[in-house]
Amino acid sequence: MKKRIALLYGGEKSEHDVSVMGYKYVSSLLNGSPYEILPVYITKMGEWYVGDKSQLRAYPCAYGGGGLYTEDGYVRIDCVLPLLHGRLGEDGSLQGALDIMGVPYVGADVCTGAVSADKHYAKLVVSSLDIPTLDSVVFSSFEDTEGALGKCKEKLGFPLFIKPRRLGSSVGAYPVYDEEDFRSCFSLSMKAGGNLVIAERMLEEKRELECAFLEMGGKRIITAPGEIHISGFYGFGEKYGGQTRVSARADISKEYAERISDYAERIAEALRLRHLARIDFFLSDGTVCFNEVNTFPGFTEDSLYPKMLEASGIPPRDAILSFIEDALAC
Ligand SMILES: Nc1ncnc2c1ncn2[C@@H]1O[C@H](COP(=O)(O)OP(=O)(O)O)[C@@H](O)[C@H]1O
Ligand SMILES: [Mg+2]
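Residues numbered from 1 in each chain as written. Chains lettered and ligands numbered in written order. Predicted model: local features only at pLDDT ≥ 70, side-chain atom pairs only at ≥ 80, totals over all residues. Heavy atoms only, no water.

Trainee: Before we move on, could you go through the domain arrangement of the protein chain and cite the residues and values that matter?
Mentor: Segmenting the protein chain into domains produces domain 1 (4-105), domain 2 (114-132 + 205-328) and domain 3 (136-201). Taking the mean C-alpha position of each, domain 1 and domain 3 sit 34 Å from one another. (Domains from an automatic or database assignment.)

Structure below.
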């Protein structure tokens, strides 16, 4: 009997469309694979549907159920490929549910997902490795705007960057140039981020360099860095509008490339990344500093992650098949 692999996609509002595009690309890569592919579409409201036309409502079975209940009966799942990003997809929540269901999955586990998804916690781990990170301030849930502004002025100065700790896709992220800006952006960011916000010193001149981490055939690989060619804020529109130029291979010196690879290797070890991740850095004024890590990076045809694999001679299809094989062996 063929192993049945559930491709979970859709989910949270801000990352929904990119997840749907990721599903289209990845399912096409898996055509003719040795597995039976089961699409599982998650609506923006969190309802699960199975089948090619997403016609059948499904409910995950808890406590070792290992599959889904549907109106047509029980559907066994041998492994999940969660093509989901951000909250409830990449942050350990789904992974916890799958652990309880007793279904193996591709990608980071609960703890790695949760720590990596929180920009403050991830930075704490990375800075403990003596890898540069940007100075930052976090606020308590009860912080009022004036108190937060005081802390930022004292520790960071202007300009600064404010962003939710646990959201992606640049949602709720704002460049802040002065006090007036701060007053209007702080509450917006707090609202978007569920009162969990981080402020950082803003880099006005920077390059955005990212590398792919993957595990294949029992080996860890860090690809050469790629680059997002953006001079200012890489916002939601710039990410998904299709206008931003990206390079699968950044034009940087050997020295910077080696430094990024060394940092990425150590970050992968410290966070215990599994199967795949994209590790993002800024290069500014001769310093490479860690920005963030995505434990399930964008995986559409146009995403930098698969492009970086290709540029390193790794077909994305082979990588995905290897992740599934490894997850099934767990
Ligand atoms: N401290 C900073 N200085 C300058 N630009 C920043 C800073 N932090 C974030 N940005 C910009 O905002 C974008 C989104 O921030 P990021 O931390 O990567 O969050 P997200 O999870 O939303 O991608 C970055 O790609 C970058 O363009
Ligand atoms: Mg980012």
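Trainee: Residues and numbers for the sheet that holds strand E2 (residues 36-42), please.
Mentor: The 7 strands lie next to each other as E6-E5-E4-E3-E2-E1-E7, forming an open sheet whose pairing is mixed. Each edge of the sheet is formed by a strand with only one pairing partner; in this case those strands are strand E6 (73-76) and strand E7 (79-82). Taken pair by pair, the neighbouring strands of this sheet meet at an average axis angle of 35°, ignoring direction. Examined bridge by bridge, E2 and strand E3 (residues 48-50) share 3 bridges and lie antiparallel to one another. Bridge pairing links Val40 to Val50 in E3. Contacts from helix H1 (residues 13-29) reach strand E1 (4-10), E2 and E7 within the one sheet, and its direction differs from that of E1 by about 150°. Packing against the sheet, helix H10 (residues 316-328) makes contact with E1 and E7, and its axis sits at approximately 140° to E7. (Pairing = 2+ DSSP bridges. Helix = DSSP H or I, 4+ residues; strand = E, 2+ residues; numbered from the N terminus. Axes fitted to C-alpha atoms, helices over the stretch in contact; angles between N-to-C directions. Contact = heavy atoms within 4.5 Å.)

Trainee: Any details on a nonpolar patch on the surface? Residues and values, ideally.
Mentor: On the surface, a nonpolar cluster with roughly 360 Å² of combined accessible area is contributed by Tyr59, Tyr69 and Tyr74. For Tyr69, the position within the fold is in strand E5 (residues 67-70). (Patch = residues over 30% accessible without salt bridge, like charges linked within 9 Å, V, L, I, M, F, W, Y side chains within 5 Å. Areas by Shrake-Rupley, 256 points an atom, 1.4 Å probe, with all protein chains shown as cover. Salt bridge = Lys/Arg side-chain N within 4 Å of Asp/Glu carboxyl O.)

Trainee: Tell me what's going on with unusual backbone geometry, and back it up with residues and numbers.
Mentor: A cis geometry characterises the amide bond from Phe158 onward to Pro159, with omega recorded as -5°. Structurally, the position occupied by Pro159 is in the loop between helix H5 (145-155) and strand E9 (160-164). In this structure, Asn195 takes a positive phi of about 70° despite not being glycine. The topology assignment puts Asn195 in the loop between helix H6 (179-192) and strand E11 (197-201). Looking at Asn195, the relative accessible area reads 33%, which means it is partly exposed. (Buried < 20%, exposed > 50% of the residue type's maximum accessible area, 1.4 Å probe, protein only.)

Trainee: Requested: an account of the sheet that holds strand E8 (residues 136-138), with residues and values cited.
Mentor: With antiparallel pairing, 4 strands are arranged side by side in an open sheet as E8-E11-E9-E10. Each end of this open sheet is capped by a strand with a single partner; those strands are E8 and strand E10 (174-176). Taken over all neighbouring pairs, the strand axes of this sheet differ in orientation by 25° on average, direction set aside. Pairing geometry for E9 and E10, over 3 bridges, is antiparallel. Its bridge partner being in E10, Ile162 is matched across the sheet by Tyr174. Running at roughly 50° to E11, helix H4 (residues 119-127) makes contact with E8, E9 and E11 of the sheet. Sheet strands touched by H6: E9, E10 and E11. Its angle to E9, the strand with the most contacts, is close to 20°.

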